[in-house]
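For reference, the chains in residue letters:
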Amino acid sequence: NGTTIEGDAELNRSTVEGETIGDGTVATFSVAPNAISYSAKGNVADLDMQRLGRKLELAALAKPAYASDLNAAFDVSGSMPRRAPGARKEGETSLAEMTLTASGTLTNSQIMGGTIPELAFQANLANGALHGEVNARFENFDPAAIAARPALKANVSGTVNATFAAADLTAR
């Protein structure tokens, strides 16, 4: 089938599940016979990852540690191959064929009991490999709360400038 569906949306200031989506946030999508692509660029305020995890039924995020108030600007784009329904074998993923580019900033945000006055990030996923960097200032984080290990009780503030890489996210 040679049908392609494309679209875009520009949002006015909106509120969804207590989160504010900024005026002018833009999302695009394309569903073509062999690929799906998407992008989003804009900002959010008052994002609570725990609340989002509960609503999306994502147990990993629905934990009290992820109660948050995040304020972010973001720019994300990606694509992945499209397969016919039922063509994917059980346990098979498209991760090795997926691309994702993301960048953004967090400002005046709280998560895991600490504060992030400013954080900039970028990440890229291609051919199953992930790499990126983060530069941030953080204040008043308690390692005991983050690691669920009371012996680590402390109050930690500082900066982080880090790069990360995983050569093959598809490796088992």
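Use the structure listed above.
Now for a quick tour of the structure. In this text the structure is predicted, and so the values were computed from the model without any measurement. Each chain has its residues counted from 1, following the order in which its sequence is written. With pLDDT at 70 or above as the cut-off, local features in this predicted model cover only qualifying residues; side-chain atom pairs require 80 or more to be listed or tallied, and sums for whole chains, interfaces and linings still use all residues. Side-chain metrics rest on all non-hydrogen atoms present in the structure, leaving aside hydrogens and water.

Patches here: salt-bridge-free residues with over 30% relative accessible area, like charges joined within 9 Å, nonpolar side chains (Val, Leu, Ile, Met, Phe, Trp, Tyr) joined within 5 Å. Residue burial considers only the protein chains on display, and all accessible areas are found by Shrake-Rupley using a 1.4 Å probe. By salt bridge we mean one thing: a side-chain nitrogen of Lys or Arg within 4 Å of a carboxyl oxygen of Asp or Glu. Judged by side-chain polarity, Ile5, Phe29 and Tyr38 come together as a nonpolar surface patch covering roughly 270 Å² of accessible area. Strands here are runs of E lasting at least two residues and helices are runs of H or I lasting at least four, both read from the DSSP assignment and numbered beginning at the N terminus. Looking at the element boundaries, Tyr38 is found in strand S5 (residues 35-47). Judged by relative accessible area, Tyr38 falls into the partly exposed class, the value being 31%. Buried, partly exposed and exposed residues are distinguished by accessible area as a fraction of the type maximum, computed with a 1.4 Å probe on protein chains only: under 20%, between the cut-offs, and over 50%, respectively.

Right, let's get into the environment of Arg54. If you trace the backbone, Arg54 turns up in helix H1 (residues 49-55). Classification of Arg54 as partly exposed rests on a relative accessible area of 48%. Counting along the chain gives 83 residues from Arg54 to Arg137, while the straight-line C-alpha distance between them is 28 Å.

In this fold, Asn124 is placed in strand S8 (residues 114-126). Engagement of the side chain of Asn124 in a polar contact is seen with the side chain of Thr101, the distance being 3.3 Å. Excluding its chain neighbours within four sequence positions, the residues that come into contact with Asn124 are Leu100, Thr101, Ala129, Leu130 and His131. Polar contact is defined as a pair of N or O atoms within 3.5 Å, subject to the rule that within protein one atom must be able to donate a hydrogen and the other to accept it, and that residues adjacent in sequence are counted only when both atoms are side-chain atoms. By definition in these notes, contact holds between two residues if any of their heavy atoms fall within 4.5 Å.

Let us look at unusual backbone geometry. At Met112, a residue that is not glycine, the phi angle is positive and equals roughly 50°. Note on placement: Met112 falls in the loop between strand S7 (99-111) and S8. Backbone geometry at Asn127 places phi at a positive 55°, although glycine is not the residue there. Summarising the element assignment, Asn127 is placed in the loop between S8 and strand S9 (129-141). Its relative accessible area of 68% is what places Asn127 among the exposed residues.

The next thing to look at is the side chain of Ser68. Structurally, the position occupied by Ser68 is in strand S6 (residues 68-81). Taking relative accessible area as the criterion, Ser68 reaches 12% and is therefore assigned buried. From its side chain, Ser68 meets the backbone oxygen of Leu47 in a polar contact 3.3 Å long.

The next point concerns the pattern of salt bridges. Counting across every chain of the model gives 4 salt bridges. Between Asp142 and Lys153 there is a salt bridge, with its nearest N and O atoms 3.0 Å apart. On the criterion of sequence distance, the pair formed by Asp142 in the loop between S9 and helix H2 (143-147) and Lys153 in the loop between H2 and strand S10 (156-166) is long-range, its members being 11 residues apart. Judged by relative accessible area, which is 14%, Asp142 ranks as buried. Judged by its relative accessible area of 64%, Lys153 falls in the exposed class. In the salt-bridge network here, residues are joined through shared partners; they are Glu118, Arg137 and Glu139.

Moving on, we come to the nonpolar core. Val44, Leu47, Met49, Leu70, Ala72, Leu106, Ile111, Ile116, Leu119, Val134, Ala136 and Phe141 together form the largest nonpolar core, which totals 12 residues. The set of elements that each furnish at least two residues to this core consists of S5, S6, S7, S8 and S9. In terms of residue count, the dominant contributor to this core is S9 (3 residues). Filtering out sequence-adjacent residues up to four positions away, Leu70 remains in contact with Val44, Ala45, Asp46, Leu47, Met49, Leu106, Ser109, Gln110 and Ile111. Only buried residues count toward a nonpolar core, which is a set of Ala, Val, Leu, Ile, Met, Phe, Trp, Tyr and Cys residues joined through side-chain atoms within 4.5 Å.

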